[in-house]
Amino acid sequence: MYEPAVTEGVFRLRRPGARWLSTGYSGGFERAPAAYNITVPEGWEREDIDRYSREKREAAGFRESGPTLLTGVDVNHARGARLGPVVAYATVGLSNPATLPADPKETHEGNISEAGPGSVGTVNLIVATDRSLTDGAQANLVSVVAEAKTATLLDVAGVTGTTTDAIVVGSAVDGEEAEFSGSATEVGAAARACVREAIRAGFEARYAEDEPPETVEAARYGVVTDQRADVFDPREHS
């Protein structure tokens, strides 16, 4: 059983002995009793992220270390969703939206360089399963979660994500083994549904009394990937 808690600007998801895979700061695989999502204040520019995270955890009464995500969103806006063997928690902030037009025709000027981590929103996801995933299945679940995040954000906000999104996926090492986690598997299908519902609820919580940027161009830190890459046939380079 994964146990969530929110206090003093810190979200914790605890399960002793769990194995986590994080795409955030100092990410990768890690055995730890908990994973965290921590709110940072506007204008936050500290570089000692490990120390800051520890200070915030301890101030909230959480002594155990674990993979940590940072967000400009108040974690009181975190929302969770559960289905079958999966649970997902999301915080949704869109002050730094990003999008990928399928056929870019105009040049847009993004300006994320002016923003520190504390100045921007971020869509952070902590997704966990009571299955014991293989390395490959856990890594693949990150891609499943990212796909679900993108599809949901396109529907609710017309963007593919933000410039600072991060994902943590948790696996219960003492659970039933699962070798696969694609969208047609029980774990993958549940993760997709949980991410969709958690993001929708997190979006509604964050913007219940506020409005997200109407367009990427209107956002202070919005980024549109309008470059075109060169296409080639790999047989010509073999």
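Positions within a chain are numbered from 1, following the residues in the order the chain's sequence is written. Since the coordinates come from a predicted model, pLDDT governs what is reported: local features require at least 70, and pairs of side-chain atoms require 80 or more to be given and counted, while whole-chain, interface and lining totals use all residues. As a rule here, side-chain values cover all heavy atoms of the structure and leave hydrogens and water aside.

Colleague: Is there a simple way to think about helix α3 (residues 186-206) in this case?
Modeller: Since the α-helix turns once every 3.6 residues, residues separated by three or four places project in the same direction. Given a rise of 1.5 Å per residue, 21 residues ought to cover 30 Å, and the 30 Å separating the end C-alpha atoms of α3 matches this to within 8%. Of all the residues in α3, the buried ones are V187, G188, A190, A191, A193, C194, V195, A198, I199, G202, F203 and A205. Throughout, a contact is declared for two residues whenever any of their heavy atoms are within 4.5 Å. Starting at the N terminus, helices and strands are each numbered in turn, a helix being any DSSP run of H or I of at least four residues and a strand any DSSP run of E of at least two. If you follow the buried residues of α3, they end up packed against β7 (79-83), β8 (86-93), β10 (122-129), β11 (132-133) and α2 (135-157). Here, expected helix span is obtained from the residue count minus one, scaled by 1.5 Å. Throughout this description, buried means an accessible area under 20% of the type-specific maximum (1.4 Å probe, protein chains only), exposed means over 50%, and partly exposed covers the range between.

Colleague: Got a minute to help me understand the environment of E58 in this structure?
Modeller: Along the chain, E58 falls in helix α1 (residues 49-59). We classify E58 as partly exposed; its relative accessible area is 35%. Residues E58 and E147 lie 89 residues apart in sequence; the distance between their C-alpha atoms is 34 Å.

Colleague: Which parts of the structure should I look at to understand the sheet that holds strand β12 (residues 161-162)?
Modeller: Taking strand neighbours across the sheet as the criterion, the three strands line up as β12-β9-β15 in an open arrangement whose pairing is mixed. In this open sheet, the two edge strands, each paired with only one partner strand, are β12 and β15 (223-224). Any two strands are treated as partners once DSSP identifies two or more bridges connecting them. Bridge analysis of strand β9 (residues 97-99) against β12 gives two bridges, and the strand direction is antiparallel. Bridge pairing in β12 links A98 to G161.

Colleague: In this structure, what is going on with the side chain of R12? I would like to understand it.
Modeller: Of note, R12 is situated in strand β2 (residues 10-14). Among buried charged residues, R12 stands out as having no salt bridge; its nearest opposite-charge side chain is E64, 4.1 Å away. If near-sequence neighbours (up to four positions away) are discounted, R12 is found in contact with E3, P4, A5, A34, A35, Y36, F62 and E64. Charge counting treats Lys and Arg as positive and Asp and Glu as negative, with His and both chain ends excluded. Counted as salt bridges are all cases of a side-chain nitrogen of Lys or Arg within 4 Å of a carboxyl oxygen of Asp or Glu.

Colleague: Can you help me understand the pairing of β7 in this one?
Modeller: The two faces of the sheet receive side chains in turn, since in a regular strand these alternate between them. Where β7 lies against β8, five bridges are found, and the strand directions are antiparallel. From the neighbouring strand, R82 faces β8, where its bridge partner is V87. Between β7 and β8, which pair antiparallel in sequence order, lie two residues; one of them, G84, sits at a positive phi of approximately 55°.

Colleague: Help me understand the sheet that holds β7, please; the structure alone is not making it clear to me.
Modeller: Backbone-to-backbone hydrogen bonds join strands into a sheet, with any given pair of strands oriented parallel or antiparallel. Overall, mixed pairing links the six strands, which are arranged β4-β3-β13-β10-β8-β7 in an open sheet. With partners counted over all chains shown, the strands left at the sheet margins are β4 (28-31) and β7, one partner each. For this sheet, the mean inter-axis angle between neighbouring strands, taken without regard to orientation, is 15°. Alignment of β8 against β10, held across eight bridges, turns out to be antiparallel. Bridge pairing in β10 places A90 opposite L125. Interaxial angles span 0 to 180 degrees and are taken between N-to-C directions of axes, which are lines fitted to C-alpha atoms, for helices over the stretch in contact. The strands touched by α2 are β3 (19-22), β4, β8, β10 and β13 (166-171); relative to β13, the strand with the most contacts, the crossing angle is about 135°. Strands β7, β8 and β10 of the sheet are contacted by α3, whose axis makes an angle of about 35° with β8.

Colleague: Just to check I follow, could you spell out unusual backbone geometry for this structure?
Modeller: What is expected of a backbone is that most residues other than glycine have negative phi and most peptide bonds are trans. With a phi angle near 50°, E8 is a residue other than glycine that sits in the positive phi range. Even without being a glycine, S26 presents a positive backbone phi close to 55°. Structurally, the position occupied by S26 is in the loop between β3 and β4.

Colleague: Would you mind going over the packing of aromatic side chains with me for this structure?
Modeller: For any pair of aromatic rings, the description consists of the separation of the ring centres together with the inter-plane angle of the planes. Each aromatic pair joins two rings of Phe, Tyr and Trp (for Trp, the six-membered one) with centres within 6.5 Å, and gets the label stacked for planes under 30 degrees apart, edge-to-face for over 60, and tilted for any other angle. One pass over the structure, following the stated rule, counts four aromatic pairs. Geometrically, the ring pair formed by Y2 and W20 is edge-to-face, given 6.0 Å between the ring centres and 70° between the ring planes. Here Y2 is found in the segment before β1 (3-7), whereas its partner W20 is found in strand β3, with 18 residues between them in sequence. For the pair Y2 and W20, one class covers both residues: buried. Both rings, one in F203 and one in Y207, keep their centres 5.3 Å apart while their planes meet at 50°; by these two values the pair is tilted. A single burial state applies to F203 and to Y207, both of which are buried. Throughout this description, the term charge over a ring refers to an Arg CZ or Lys NZ atom that lies within 6 Å of the ring centre and within 35 degrees of the ring normal. Seen from the ring of Y2, R15 lies directly overhead, with NZ or CZ sitting 5.1 Å from the centre. Here R57 stacks its cationic end above the ring of Y36, 5.4 Å away from the centre of that ring.

Nothing here speaks to function; it is all geometry.
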